Amino acid sequence: MEYDSDIMEGILIDSRNMEPNSCDTFVALPPSTVGNRIIFGKNSDRPFDEVQEIIYFPAATHSLEKKLECTYIEIEQVAETYAVVLSRPSWLWGAEMGANEHGVCIGNEAVWGREEVCEEEALLGMDLVRLGLERADTAEKALNIIVDLLEKYGQGGNCSENMVFSYHNSFLIADRHEAWILETAGQYWAAEKVEEGVRNISNQLCITTKIDREHPKMREYAKSKGWWDGEKEFNFAAVYAYPNSSGIITLSERYCEGNKLLNKHKGNITFETMMEILRDKESGINMKGAFQTTGSMVSILPSDPSLPCIHFFTGTPHPERSVFKPFIFAPNLTHLLETISPTFGLEDPVKKHPRFQSKCDRRHPLYQRHDQAIEIMNADEEKGRKMLEEMRILEKEILKEMELVLQNKCLDENRTIDLFSQCVKNEMKIYGPIIGSP
């Protein structure tokens, strides 16, 4: 199915004249958290009508003779890839955020700076998220993989199917034991290990003078451009960021508000705390407007290897009107049918040249039901209130069950296999039958 071409006229909006907005990612490490766990969270803020799907790919072996097709380009494949669960805009190959079977989590952010964004098609930052998850069993290995791919293939290409939207990327990468921030400017990059406490990233460079790893020519390049005199202490954000503008100041305010919310709960942060931060409207973290929060993720990464990592996804926009549903890696997992979008093969507007000349209806079953529920909530206050109450009750039951799992009480293997899908089905029951169905 494709939308009418008349509706699509002028769909490629040029975002260069818009205020840049997109995403917030958070991490909290012990002793800031309860229960000796690392808590990871992200809101994916994207164009308001973009569908985000939750999709699982099992571990696999590959022929090295066959190339890997990413969103725009092909790259060399590796012999083995790990199982991953991804929250991704359904038109592309990569992911906004996700996790792998080894407890590695990655989220990325759009960032802009003095280094010009490449308009040529290369690897998207979202492709790099998925590649890091598929190929690394620790956070630092994921960092290594991302920077190696960045060096070999570069980053670039349009990051939206309905507007001209290109950017560099920053990444927050975590596992059971540590977290890293990786920020890029073209091929150049800096990385900071998060030693303890809480950190967040938004749409601005935030690595300053604590640089634990870096591109070997990063400082030399900045000096050649006249951005750094070679004598002052090197500050990555100060050297590579844009000169101040109203848009960047707005982003800075959101970054600061996120940091305040983390620090407000420091020492007592749980996965429920992280969910409430992602739902916070006043700070702008739960975003509305032309860009809105189209998907949310919270992960619990216990330091105890005998306990499972648990990854919660909404798969729908409006986190305050969505249910966080848990996913746990286990043998014999099946596809997550209710959150997988339809595919269009070679007829997909992303595959055709020139690209993005029409737009497909990419809504998966959960998204369709959620759309219907939002209409009810907006039209009928009483029905909407009751629906939200049922959603919160469902979510509280889920969170209570997951906390028992984290306290080393067993979760039945059959329950694990269908855990996410069953929670999705329970959420859809609250939304009721599709309007117009028998």
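Residues numbered from 1 in each chain as written. Predicted model: local features only at pLDDT ≥ 70, side-chain atom pairs only at ≥ 80, totals over all residues. Heavy atoms only, no water.

## A closer look at the pairing of strand β13 (residues 168-174)
Note the following rule: Exposure categories follow from relative accessible area, calculated using a 1.4 Å probe and restricted to protein chains: below 20% of the type maximum is buried, above 50% is exposed, and the middle band is partly exposed. Numbered from the N terminus, helices here are DSSP runs of H or I no shorter than four residues, and strands are runs of E no shorter than two. By the convention used here, strands pair only if DSSP detects at least 2 bridges between them.
By the criterion of burial, β13 is predominantly enclosed, with seven of the seven residues buried. Alternating residues of β13 divide into His-168, Ser-170, Leu-172 and Ala-174 and Asn-169, Phe-171 and Ile-173, and every residue in both groups is buried. Here strand β11 (residues 105-111) pairs with β13 via seven bridges, running antiparallel. Bridge assignment links Asn-108 to a residue of β13, and that residue is Phe-171. In this structure, β13 lies alongside strand β14 (residues 179-185), joined through five bridges in antiparallel fashion. Across the sheet, Ile-173 pairs through a bridge with Trp-180, a residue of β14. The turn linking β13 back onto β14 is made up of four residues.

## Focus on the pairing of β14
For β14, the tally of buried residues reaches seven of seven residues, placing the bulk of the element in the interior. Relative to strand β15 (residues 188-194), β14 is paired through seven bridges, and the arrangement is antiparallel. Bridge pairing in β15 links Thr-184 to Trp-189. Between the antiparallel neighbours β14 and β15 lie two residues, among them Gly-186 with a positive phi of about 65°.

## Re unusual backbone geometry
In this structure, the amide linkage connecting Pro-30 to the following residue, Pro-31, adopts the cis form with an omega of 10°. Looking at the secondary structure, you find Pro-31 in the loop between β2 (24-28) and β3 (37-47). The residue after His-353, namely Pro-354, is reached through a cis peptide bond having omega 0°. You can see Pro-354 is positioned in the loop between β20 (325-327) and α8 (365-379). Positive phi values are uncommon outside glycine, yet Asn-332 reaches one of about 65°. Looking at the secondary structure, you find Asn-332 in the loop between β20 and α8. Positive phi is not limited to glycine here, since Asn-408 has a value of about 70°.

## Some words on the pattern of salt bridges
The condition that has to hold: Every case where a carboxyl oxygen of Asp or Glu lies within 4 Å of a side-chain nitrogen of Lys or Arg is listed as a salt bridge.
Evaluated as defined, the whole model comprises 35 salt bridges. With a shortest N-O distance of 3.1 Å, Glu-69 and Lys-351 are connected by a salt bridge. Of this pair, Glu-69 sits in strand β6 (residues 68-69) while Lys-351 sits in the loop between β20 and α8; the two residues are 282 residues apart in sequence, bridging distant segments of the chain. On the accessibility criterion, Glu-69 (43% relative accessible area) is partly exposed. For the salt bridge of Arg-199 with Glu-192, the shortest nitrogen-to-oxygen distance reads 2.7 Å. Each member of the pair Arg-199 and Glu-192 is classed as buried. Members of the salt-bridge network, linked through shared partners, are Glu-276, Arg-279, Arg-392 and Glu-395.

## Quick word on the side chain of Arg-88
The test is simple: By the criterion applied in these results, polar contacts are pairs of N or O atoms within 3.5 Å in which, for protein atoms, one can donate a hydrogen and the other can accept it, and in which residues neighboring in sequence qualify only through two side-chain atoms. For this analysis, residues touch if any pair of their heavy atoms sits within 4.5 Å.
Looking at where Arg-88 falls in the secondary structure, it is placed in strand β9 (residues 84-89). A polar contact is formed between the side chain of Arg-88 and the side chain of Glu-53, at a distance of 2.8 Å. For Arg-88, the contacting residues outside a window of four places in its chain are Val-51, Gln-52, Glu-53, Ile-55, Phe-57, Trp-93, Gly-94, Ala-95, Glu-96 and Arg-130.

## Description of the packing of helix α7 (residues 271-278) against helix α9 (residues 381-406)
Stated formally: Note on geometry: axes are lines fitted to C-alpha atoms, helical ones only across the stretch in contact, with angles between N-to-C directions running from 0 to 180 degrees. Reported orientations rely on four angle classes, namely roughly parallel under 35 degrees, roughly antiparallel over 145, roughly perpendicular from 65 to 115, and oblique for the rest. All amino acids are sorted into three groups, where Ala, Val, Leu, Ile, Met, Phe, Trp, Tyr, Cys and Pro are nonpolar, Asp, Glu, Lys and Arg are charged, and the leftover types, Gly among them, are polar.
Look at α7 against α9: their axes get within 11 Å of each other, and the N-to-C directions meet at 140°. The pairing of α7 with α9 is recorded here as oblique in orientation. Only Leu-399, Glu-403 and Leu-406 of α9 make contact with α7, whose side of the interface consists of Phe-271, Glu-272 and Met-275. Residue composition of the contact of α7 with α9, by class: four nonpolar, no polar and two charged.

## As for the environment of Val-104
Along the chain, Val-104 falls in the loop between β10 (97-100) and β11. Under the relative-accessibility criterion, Val-104 is labelled buried at 0%. It is 6.0 Å that separates the C-alpha atoms of Val-104 and Thr-138, two residues lying 34 residues apart in sequence. Those residues in contact with Val-104, other than ones at most four positions away along the chain, are Gly-98, Ala-99, Leu-133, Ala-136, Asp-137, Thr-138, Ala-139, Ala-142, Ile-173, Ala-174 and Asp-175.

## Concerning the sheet that holds β2
If you trace the six strands from one edge of the open sheet to the other, you get β16-β2-β3-β18-β19-β20, paired in antiparallel fashion. Since the sheet does not close on itself, it has two edges, and those belong to β16 (198-201) and β20, each with one partner. Ignoring strand direction, the axes of neighbouring strands in this sheet form an average angle of 15°. As paired strands, β2 and β3 are joined by five bridges and run antiparallel to one another. Directly across from Thr-25, in β3, lies its bridge partner Lys-42. Seen against the sheet, helix α11 (residues 419-431) touches β19 (310-313) and β20 and runs at an angle of roughly 165° to β20.

## Some remarks on the sheet that holds strand β17 (residues 213-214)
The strand order across the open sheet formed by eight strands is β4-β9-β10-β11-β13-β14-β15-β17, and the pairing between neighbours is antiparallel. A strand with exactly one partner marks an edge of an open sheet, and here the two such strands are β4 (52-57) and β17. Of the strands in this sheet, β4, β9, β10, β11 and β13 are in contact with helix α2 (residues 125-135), which crosses β11 at around 165°.

## Section: α11
Put simply, the test is: Helix span, expected: 1.5 Å multiplied by one less than the number of residues in the helix.
Between the first and last C-alpha of α11 there are 19 Å, a value that for 13 residues agrees with the 18 Å anticipated at 1.5 Å per step. Here α11 has its buried residues at Leu-419, Phe-420, Ser-421, Cys-423, Val-424, Glu-427, Met-428, Ile-430 and Tyr-431. Just downstream of α11, Gly-432 is the residue with a positive phi angle, here 85°.

Any functional reading would require information beyond the geometric quantities listed.
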